[in-house]
Amino acid sequence: MAASNFGTKPESYPVRIIEGLHGGDYTFEQVAADLIDNSIDANATFVDVIIDKQDMGNEMKKYTTGMQGPDKMFCIVLDDGEGIASEKRLIQVMSRGVTRPEDNPYKEHELGSFGVGLKESSLSQAYEVTIFSKVEGGKVNLIRLSSHAIKKHEADILLRRSELEPWMETTPGFKNCLEYLQEQEKGTAVLLEGMHKMELEIGNGDREVWETAIETRVRNYLGLVFHKYIDGAKIPLSDGRVKEKKIKLLYGGPRNVIKPLDPFCQDPKWK
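Residues numbered from 1 in each chain as written. Predicted model: local features only at pLDDT ≥ 70, side-chain atom pairs only at ≥ 80, totals over all residues. Heavy atoms only, no water.

## Things to note about the pattern of salt bridges
Once the charged atoms of two side chains with opposite charge are near each other, the side chains can pair. Evaluated as defined, the whole model comprises 12 salt bridges. With a shortest N-O distance of 2.9 Å, Arg-144 and Glu-128 are connected by a salt bridge. Residue Arg-144 is found in strand E4 (residues 141-146), and its partner Glu-128 is found in strand E3 (residues 128-134); the two are separated by 16 residues along the sequence. Judged by relative accessible area, which is 0%, Glu-128 ranks as buried. Here Arg-144 ties to Glu-193 by a salt bridge, and the two come within 3.2 Å at their closest N and O atoms. In this pair, Arg-144 sits in strand E4 while Glu-193 sits in strand E5 (residues 187-193), placing the two residues 49 residues apart along the sequence. A network of salt bridges, in which partner residues are shared, links Glu-29, Glu-201 and Arg-217. (Salt bridge = Lys/Arg side-chain N within 4 Å of Asp/Glu carboxyl O. Helix = DSSP H or I, 4+ residues; strand = E, 2+ residues; numbered from the N terminus. Buried < 20%, exposed > 50% of the residue type's maximum accessible area, 1.4 Å probe, protein only.)

Following this line, the structure appears as structure tokens:
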């Protein structure tokens, strides 16, 4: 459809828009579930939710909570799905309001058609969102959505790797994502840094106590939401076929498997 010259283009306030997204009321476990939806659609066999602490360095950023100094929380959601082949598609994934092209619409069994979008959900928890992706036989590509850069330049922008500030590439979370995908044939890693909601929730409290609490919340929530997929789902399609989907969910590595939590206790051992 051709662009229309009708009407007047409104003023753009990218900083206000991004700050509004930071105020979103999604919980961390809901954000993780939204990212896992994408992994399932990408035919991943596993998704690992990794939460850890890192030193964000002493550089002054435009946002401060979780963005400076040691022991700042970060999260990686890693899968071995098909990956994203082109930089253009990576940019679309990190852009607001982009829909699937007509020649590649959502399939009826894909969970992404019901989600709120990677950008909206992730920014409710993090100031910095970086997506790394690799297709089989390809190299790792990445795009970063940086609230710091948006506020610094007062523009709605994404950052290619060549445009990153030095501190962005030196965090353990960033380095880990590159290492994980270099070890895999294919997959995607989403890195969340500057986790303002987590940092405010922890406050001056005991971080170890809080980390145990968030693990319990995440494991229970994901086990409940994805219990069918963990056990192995058989999805009936409108043409009479059945689509099978199965995923292994991990919390911080292969030794920490998230078990299904069936709200209806359909497992025979509970009967």
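## Focus: unusual backbone geometry
You will see that Asp-71, though not glycine, has its phi angle at about 60°, which is positive. Checked against the element boundaries, Asp-71 lands in the loop between strand E1 (46-54) and strand E2 (72-79). For Asp-71, a relative accessible area of 42% puts it in the partly exposed group. In this structure, Glu-154 is a non-glycine residue whose phi angle is positive, near 50°.

## As for helix H9 (residues 207-225)
Think of an α-helix as 3.6 residues a turn; residues three or four steps apart then line up on the same face. With 19 residues, H9 extends 26 Å between its outermost C-alpha atoms, agreeing within 8% with the 27 Å of an ideal straight helix rising 1.5 Å per residue. Packed against the buried residues of H9 are helix H2 (28-41), E1, E2, helix H8 (196-202), helix H10 (227-231) and strand E8 (248-251). If you check the start of H9, you find a side-chain oxygen 2.9 Å away from the backbone N of Glu-208, and it comes from Asp-206. (Expected span 1.5 Å × (residues − 1). Contact = heavy atoms within 4.5 Å. Polar contact = N/O pair within 3.5 Å; in protein donor to acceptor, adjacent residues only side chain to side chain.)

## Notes on the packing of aromatic side chains
According to the stated counting rule, one finds 3 aromatic pairs in the structure shown. For the pair Tyr-63 and Tyr-127, a centre-to-centre distance of 4.6 Å together with 25° between the ring planes defines the contact as stacked. With Tyr-63 in the loop between E1 and E2 and Tyr-127 in the loop between helix H4 (118-123) and E3, this pair connects stretches of sequence that are 64 residues apart. Take Tyr-63 and Tyr-127: they sit in the same class, and that class is buried. Judged by centre distance (6.5 Å) and plane angle (70°), the rings of Phe-226 and Tyr-229 are edge-to-face. Between Lys-61 and the ring centre of Trp-167, over which it is positioned, the NZ or CZ distance is 4.6 Å. Just above the ring of Tyr-63 sits the side chain of Lys-151; from NZ or CZ to the centre is 4.7 Å. (Phe/Tyr/Trp six-rings, centres within 6.5 Å; stacked < 30°, edge-to-face > 60°. Lys NZ or Arg CZ within 6 Å of the ring centre and 35° of its normal.)

## A word on the nonpolar core
Among the nonpolar cores identified, the biggest contains 70 residues, and Phe-28, Val-129, Phe-132, Leu-192, Leu-222, Phe-226 and Leu-249 are the most heavily contacted of them. The element contributing the most residues to this core is H2, with 7 residues. Beyond its immediate stretch of four places on either side in the chain, Leu-249 contacts Ile-36, Val-47, Leu-222, Phe-226, Ile-230, Asn-256, Val-257 and Ile-258. (Core = buried A, V, L, I, M, F, W, Y, C linked by side-chain atoms within 4.5 Å.)

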